[in-house]
Every structure is written in C-alpha cells, then in structure tokens.
Amino acid sequence: MAKAVKAGWRLVLAAALLAGGSAMAEPLQPVLDAAKAQEAGLLDTLRDLVNIESGSRDVHGVKRIAERVAEGLRAQGGQVQVLPPDEVFRMDDTPKETGPMVQAVFKGRGQKKIMLIAHMDTVYRDGMLKDQPFRIDGKRAYGLGIADDKQGVALIIHALALLRALDYQDYGTLTVLVNGDEEISSPGARATITRLAADQDAVFSFEGGGSAGDLRLATSGIGAAYLTVQGKTSHAGARPEGGVNALYELAHQVLQMKDLSKPEQGLKLNWTLAQAGSNRNVIPGQATAQADARALRVADFDALQQAMEEKIRNKLLPESKVELKFEVRRPPLEATEASRALARHGVAIYQELGLPMKVLDRATGGGTDAAFAQLKARGPVIEGFGLSGFGAHSNDAEYVDTQTIVPRLYLTARMIMDISAGKAP
C-alpha cells in the first residue's frame, strides 16, 4: 500500500510540473490524504509537548521538552542536535542561564534550502499545568502554551512525517530550528537563527496564524530604554541645597523625550516605569526609568537611540550624571516583494482546499523570531504558518482549532514542494 501511495504521488507530481502555473485549482490528493493521515499523530505529539512544562526561565523544563522534540525529529530521519545557547545577548532581564535549541537537518536530492522555525518555551510558571491540562473539547484543543507555540513544533514534526510518508526528497535541505528562549526575546538563539537563515531560499515561522489563520509579513520591532540618573543625597528639610535631586533630573529627561514618538511612522516611545529615592525626608540620590519602544523599520531604532543620546546631554542639574541604555529586544519584520510574492503563492495553495487566507503585510504586533531570520536572509521570510487559535499567554483559555491541522500541513508540504520544484516565486 505504501509503495502504491508513493508511486501515485510521483505520477501526480509529474503531471503538476508539466501543467506549470503557480498552483492547481484542485488539491493534490496524495498530499491531502497524507496530511489527513498525520492528524491523529499530531494531536498525540501536541499532548506530549503540552504535558511538559517549559517556561523560559525553567531551564530544566526546556531541556526536557528539547529531548522530546529531538526525538520527534530523529524519527523523521533528520540529523539532530540539541544546541546550547550561542553568543547570548544580555538584556536587562536576561537570566543567568537560558534553554537550549534543537536543530535538525534533512538532506534531499534537490537544490533549494528551506528553513522551518518555532519555539518550545512558554510564558508560564512551573506548576500551572494542573490548572489547564491538555484536553480536546469539540474542535478545540486546550493547554498551556498550546497556541504559543507548541502547535508550531508539532506541525513541523508532522509536516516532515508527511513528506517522509510520500518519500518526497526533492528539496536540497530542510533545516529546522526550535528555540528554547523565545518568550524572553531569544537572547541565546537569535545569533543562531540569523546565521542559519542567511543561506536559505525561504524561511517559514510557525507561530500561530491567529484566529483567522493569516500569514504575516511584518511585525513591529520591540525596544527598551533605561535611564539612570545619579544625583546626591541630602536631608530634605535641614539641607536640601546640599543635594542633587535625581528625581528632578529624571523628570526633566522624561519630559524632554515625550515627543520622540512618530505614530504616523509606527515609531512609539512610552515611559512606563520609574523609581526614585528611599525615604520621604531624603533628597533622592538616584532615579531610574524604563520605556517601551516600537518600530516598523530597523533604521528607526537606530535613529531613536541617537535622538535620545542627544537629549540626555541637555541636563536640568549640571552636577547630575545621566546614563542611557537602549536595547533592541527584537528587530521589526519588514515585508519585501519576495515575501509578498511567495505569500500570494500560499494563498493560491489554500484556495485548492476551498479556503480563504489573508496576507498581512503591515505590522500587526511585535515579537517574532522571524525578524531575526530576516536580518541577513537572502530569501523571503513568512510568519504565521501555525494553527489558528486564541488565548496565547492566558492561563485559562489558550486553544488551537483542530480543524486547521490538515490545511496547515497541506500548505506547508505544498510550499516546500513548489519551492523545491521551482514553481514558487
């Protein structure tokens, strides 16, 4: 039976290649049948992943789930490594130790190089699983981290299983990277993602497709600014003139930066946290503030940092010391003509199933490893290949729509096949 299915697939593929065009009006039945055959197994994998607690700061939990992911990828014939964090980018809240990554490489007979990325860490604390265990209710599967992003990991494993079931090896390489510290801005994985993505013909990221299953080509970048003002303490009642009021200087600095946002360009700077002093009757000798920054272009963060550094030179109190630290926690993902063209091809593939799919090429939020992939990428990068779902970062409502399993498996497989055959833009 297996040989007959594979032979049938080869005949259908040959006919599709001869037909030309970007996508067929009808689905490739062997691929669709193979996708349907993976559905039950994917749900089993998803259950296993959800049942391993893997909060970003729970390194033991991330190591446990990494072994389960590595096992699933080895079963599909990949060359698999569990990698330690590489070139850790230290931010204000980066823990001393971060979780590993899982890398797998599948070598085929063709030329095209395609990369699939997802993450296995979550925002949840150890012990919370008991309050929302894995369960299936109708067409929804619930569980902590199920939408963000354990479904993406399961989808990658079973898309590879689908290709293996069809004995499809016409790609050059398929590279999988599953990140263990995405929810804390990927300090240990970002360099590896950027390095591996640079040599790919296409990169697909398997964050969830939202409630509507959209593909995304753009997300806001996330930045953070930290102001530290050093003044001088003194008695607030008996000798205030002997101090240098760090709170006054901090207020001055924050106010003179309040107009650096450019909402029409998608650039936002908002001060959100501040702290000063230790006692009511002491002139504060130190004050700090933090700001959240968002941008649609990498260059906008550079310009914002430069503007802020120029501002802090203008001090209210000359004797104070003002320091600025600016972090690009995540660069923005920017739409390109190549990503637009490839996403349109994906829409045509989805139409083979009679399903609509939108492509969002304006930023719809921040925070994706796809942005690190795009920094040096020579090929298009597309986000949102994951299942439709809702409730990410919620401890009582996170779910995925199980009706999207087969369509997403089909989409992933067909995109890989069409890129490998030179049929995709």
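The residue count restarts for each chain, going from 1 along the sequence in the order it is written. Residues qualify for local features only when their pLDDT is at least 70, as the model is predicted, and side-chain atom pairs are given and counted only at 80 or more; totals for whole chains, interfaces and linings, by contrast, use all residues. Hydrogens are left out, water is left out, and the side-chain values use all remaining heavy atoms of the structure.

### Quick word on the overall build of the protein
In step 1: Counting from the N terminus, the helices are DSSP H or I runs at least four residues long and the strands are E runs at least two residues long. In terms of helices and strands, the protein carries 10 helices and 16 strands.
In step 2: Counting only C-alpha atoms and orienting by the principal axes, one finds that the protein spans roughly 95 × 45 × 35 Å.
In step 3: Accessible areas in this description were obtained via Shrake-Rupley with a 1.4 Å probe; residue shielding takes into account the shown protein chains only. Accessible surface for the protein amounts to roughly 18,500 Å². Of this, 50% is attributable to carbon and sulfur atoms.
In step 4: Charge counting follows a simple rule: Lys and Arg are positive, Asp and Glu are negative, and His as well as the terminal groups are ignored. Where a charge lies is defined by one atom per residue type, namely NZ (Lys), CZ (Arg), CG (Asp) and CD (Glu). Averaged over its 50 positive side-chain charges, the protein has a centre that lies 2 Å from the centre of its 51 negative ones.

### Observations regarding the UniProt feature "domain: Peptidase M20 dimerisation" (unreviewed entry) in the protein
In step 1: UniProt positions are given in the numbering used here, feature names are shortened, and annotations may be inferred rather than shown by experiment. Taken from the UniProt record, the annotation "domain: Peptidase M20 dimerisation" (unreviewed entry) applies to residues 218-317.
In step 2: Helix and strand shares over residues 218-317 are 25% and 29% respectively, and the end C-alpha atoms of the span are 42 Å apart.

### Things to note about the layout of surface pockets
In step 1: Estimated volume of the largest pocket: approximately 610 Å³.
In step 2: Sorting the residues of the lining of the largest pocket by element identifies α4 (146-165), β12 (321-330) and β15 (389-390) as the ones contributing at least two each.
In step 3: Its residues placed into classes, the lining of the largest pocket shows seven nonpolar, 15 polar and nine charged. Using only the protein atoms, space was sampled on a 1 Å grid; points where a 1.4 Å probe fits but cannot get out form cavities, open sets with protein on both sides within 12 Å along at least five of seven lines form pockets, and lining residues are those with an atom within 4 Å of a point. Grid points are joined across faces, edges and corners, and a volume is the space filled by probe spheres set on the points. Side-chain classes follow a simple rule in which Ala, Val, Leu, Ile, Met, Phe, Trp, Tyr, Cys and Pro form the nonpolar group, Asp, Glu, Lys and Arg form the charged group, and the remainder, Gly included, forms the polar group.

### With respect to the domain arrangement of the protein
In step 1: In this document the domain limits rely on a domain assignment from an automatic tool or a database. The domain boundaries assigned to the protein delineate domain 1 (29-219 + 333-421) and domain 2 (221-330).
In step 2: Placing a centre on the C-alpha atoms of domain 1 and another on those of domain 2 gives a separation of 38 Å.
In step 3: Should any heavy atoms of two residues lie within 4.5 Å, those residues are considered in contact. Taken together, the contacts link 18 residues of domain 1 with 13 residues of domain 2.
In step 4: Summed over both partners, the accessible surface that disappears when two parts come together, traced with a 1.4 Å probe, is what is meant by buried area. Here domain 1 packs against domain 2, burying approximately 1,100 Å² in sum over the two surfaces, 45% of which is carbon and sulfur.
In step 5: A per-residue breakdown of the area domain 1 buries against domain 2 is headed by Asp92, Ser185 and Glu334, which together make up 37% of the total.
In step 6: Any Lys or Arg side-chain nitrogen located within 4 Å of an Asp or Glu carboxyl oxygen qualifies as a salt bridge. Run the count over domain 1 and domain 2 and you get three salt bridges.

### A look at helix α7 (residues 298-311)
In step 1: Taking 1.5 Å of rise per residue, 14 residues should cover 20 Å, and α7 covers 21 Å from first to last C-alpha, within 8% of that figure.
In step 2: Tucked into the core, α7 has its buried residues touching β9 (221-230), β10 (268-276), β11 (286-295) and β12. Here a helix's expected span is defined as the number of its residues, less one, multiplied by 1.5 Å.

### Side note on the packing of α4 against helix α10 (residues 405-420)
When two helices pack together, their arrangement is captured by the angle between the axes and the distance separating the axes.
In step 1: Orientation is described by lines fitted to C-alpha atoms, with helices fitted over the stretch in contact, and by angles between N-to-C directions that extend from 0 to 180 degrees. Closest axis-to-axis distance for the α4/α10 pair is 10 Å, and the angle between their directions is 60°. Here α10 runs oblique to α4, going by the angle between their axes. Crossing hand, α4 versus α10: right-handed. Each of Leu155, His158, Ala159, Leu162 and Leu163 in α4 lies in contact with α10, whose residues at this interface are Ile405, Arg408, Leu409, Thr412, Ala413, Ile416 and Met417.
In step 2: Across the contact of α4 with α10, the residue classes break down as nine nonpolar, two polar and one charged. The scheme is simple: roughly parallel for angles under 35 degrees, roughly antiparallel for over 145, roughly perpendicular for 65 to 115, oblique for anything else. Each helix crossing is assigned a hand: it is left-handed if the near helix lies turned anticlockwise from the far helix by less than a right angle, otherwise right-handed if that turn is clockwise.

### Focus: empty space enclosed by the protein
In step 1: Summed over all chains, the structure comprises two cavities of 30 Å³ or more.
In step 2: In this structure, the largest cavity spans a volume of roughly 80 Å³.
In step 3: Around the largest cavity, the lining comprises 14 residues; the ones closest to its centre are Glu53, Ser54, Thr122, Tyr124 and Leu144.
In step 4: Of the residues assigned to the lining of the largest cavity, the class counts are six nonpolar, four polar and four charged.

### Quick look at the sheet that holds strand β3 (residues 113-119)
In step 1: Spatially, six strands are ordered β1-β2-β6-β3-β7-β14 in an open sheet, and the strand pairing comes out mixed. The open sheet has two edge strands, β1 (79-83) and β14 (381-382), and neither has a second partner.
In step 2: Judged from the seven bridges that link them, β3 and strand β6 (residues 173-179) form a sheet pairing that is parallel. Residue His119 lies in a different strand from β6, and its bridge partner there is Asn179.
In step 3: Against the sheet, α10 makes contact with β3, β6, β7 (202-205) and β14, and its axis sits at roughly 155° relative to β3, the strand it touches most. Between any two strands, at least two bridges found by DSSP are needed for them to pair.

### Brief notes about the nonpolar core
Generally speaking, a soluble globular protein has its nonpolar side chains buried in company with each other.
In step 1: Nonpolar cores were defined as sets of buried Ala, Val, Leu, Ile, Met, Phe, Trp, Tyr and Cys residues, with membership established by side-chain atoms within 4.5 Å. Only protein chains enter the calculation, and the probe is 1.4 Å; a residue is then buried if its accessible area is under 20% of its type maximum, exposed if over 50%, and partly exposed in between. Within the largest apolar cluster, 71 residues are counted, with the highest numbers of intra-cluster contacts made by Leu73 and Phe204.
In step 2: Those residues within four positions of Phe204 in sequence are excluded, and the remaining contacts are Ile114, Met115, Leu116, Ile117, Leu342, Ile382, Phe385, Met415 and Ile419.
In step 3: Within the second largest apolar cluster, 21 residues are counted, among which are Val229, Ala287, Met308 and Leu324.

### Quick notes on helix α5 (residues 190-197)
In step 1: Most of α5 is tucked away: six of the eight residues are buried.
In step 2: Considered for burial, the residues of α5 that qualify are Arg190, Thr192, Ile193, Thr194, Leu196 and Ala197.
In step 3: Against the buried residues of α5 lie β2 (101-107), β3, β6, β7, β12 and α9 (369-374).

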